Amino acid sequence: MSDMRQMTSLGREIENNSFSIIDEEAGEHSHPPKEWEVVRRIIHATADFEYKDLTKIHSDAIQNGIQALQKGCPIICDVQMIIAGLNTERLNTYGCKTYSFISDPDVIHKAKESNSTRAIESMRKAHASGLLEGSVIAIGNAPTALLEIVRLVQEEGARPSLVIGVPVGFVSAAESKEALLDPKFQNLHTIPYILTKGRKGGSTIAVSIIHALLLLSTERNV
């Protein structure tokens, strides 16, 4: 399959130069080559080298993510901003469809009725619709969405292929990621993840991770 990057020769040259600068300034790191492709795209999107150390990637995350995308898995997002940033043509290559239920009237109604959050109810709706099985979940904004995914896995048997957990913020953002990383949880429910520890994150990062996986999916022997 051909390179999914949609750019002119000049654009490709600029991107390649950017990655060369990132590689030089990042220096030594412990990320294997495919993981580094993900991390360097996060750095490329943010110009923030702290992500070299903040980004944690489960050993099965890259392979699981690529295989799920190649099978045309659903991509469940906490907010529409992630969907807006994704390249539709790249997703159409594999037939992947994107979903975000956070603004659905029934989700808003349930959140108000139960004093919950729209993010929580949107993840519950995705699970009830049977969309979480084998999916790629991308959470860039709402920590409560990530906490709900952990609960759905633990209590209701949800089994996504990959969880991208990069919510940004000051309330529960770091804690939601730690819940996913918790050894007790991972030992019982092995869910591959790509996450950024602490408060940093955001929808832009979730988008860059998915695009990195899509580009890696075009390589041979993935």
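Going along each chain's sequence as written, the residues are numbered from 1 onward. Only residues with pLDDT of 70 or above have their local features reported here, since the model is predicted, and side-chain atom pairs are shown and tallied only from 80 upward, although totals for entire chains, interfaces and linings are computed over all residues. As a convention, hydrogens and water are excluded, and side-chain values are obtained from all of the structure's heavy atoms.

Q: I'd like a rundown of the overall build of the protein, residues and numbers included.
A: Counting secondary structure elements, the protein contains 12 helices and 6 strands. Here the C-alpha atoms of the protein give a radius of gyration of 17 Å, agreeing with the 17 Å that 2.2 N^0.38 yields for 222 residues. Structurally, the protein occupies a C-alpha span of about 55 × 35 × 30 Å along its principal axes. Counting the 222 residues in the protein, one finds 50% classified as buried. Put simply, of all contacts in the protein between residues at least 6 apart along the chain, 69% involve residues at least 24 apart. Total accessible area computed for the protein in this model is approximately 10600 Å², and 49% of it derives from carbon and sulfur atoms. What counts as a helix is a DSSP run of H or I of at least four residues, what counts as a strand is a run of E of at least two, and both are numbered from the N terminus. When we talk radius of gyration, it's over C-alpha atoms, and the globule rule is simply 2.2 Å times the number of residues to the 0.38. When a residue's accessible area, from a 1.4 Å probe over protein chains only, is under 20% of the maximum for its type it is buried; when over 50% it is exposed; and in between it is partly exposed. Residue contacts are counted whenever heavy atoms from the two residues lie within 4.5 Å of one another. Working definition of accessibility: Shrake-Rupley area with a 1.4 Å probe, residue cover restricted to the visible protein chains.

Q: How would you summarise unusual backbone geometry if you had to cite specific residues and measurements?
A: In this model, alanine 47 sits at a positive phi of 55°, which is unusual for a non-glycine residue. Along the chain, alanine 47 falls in the loop between helix H2 (33–46) and helix H3 (51–54). A positive phi angle, near 75°, is found at serine 172, a position not held by glycine.

Q: I'd like a rundown of the sheet that holds strand S1 (residues 55–57), residues and numbers included.
A: Note on pairing: DSSP must find at least two bridges between two strands before they are called paired. If you trace the 6 strands from one edge of the open sheet to the other, you get S1-S6-S5-S4-S2-S3, paired in mixed fashion. Two strands close off the open sheet at either side, each with one partner strand: S1 and strand S3 (98–99). Relative to S3, strand S2 (residues 75–77) runs parallel, the two sharing 2 bridges. Its bridge partner lying in S3, isoleucine 75 is registered against threonine 98. Axes here refer to lines fitted to C-alpha atoms; in helices the fit is confined to the stretch in contact. Angles between the N-to-C directions go from 0 to 180 degrees. Its contacts with the sheet put H2 on S1 and strand S6 (193–196), and the angle it makes with S1 is roughly 155°.

Nothing here speaks to function; it is geometry throughout.
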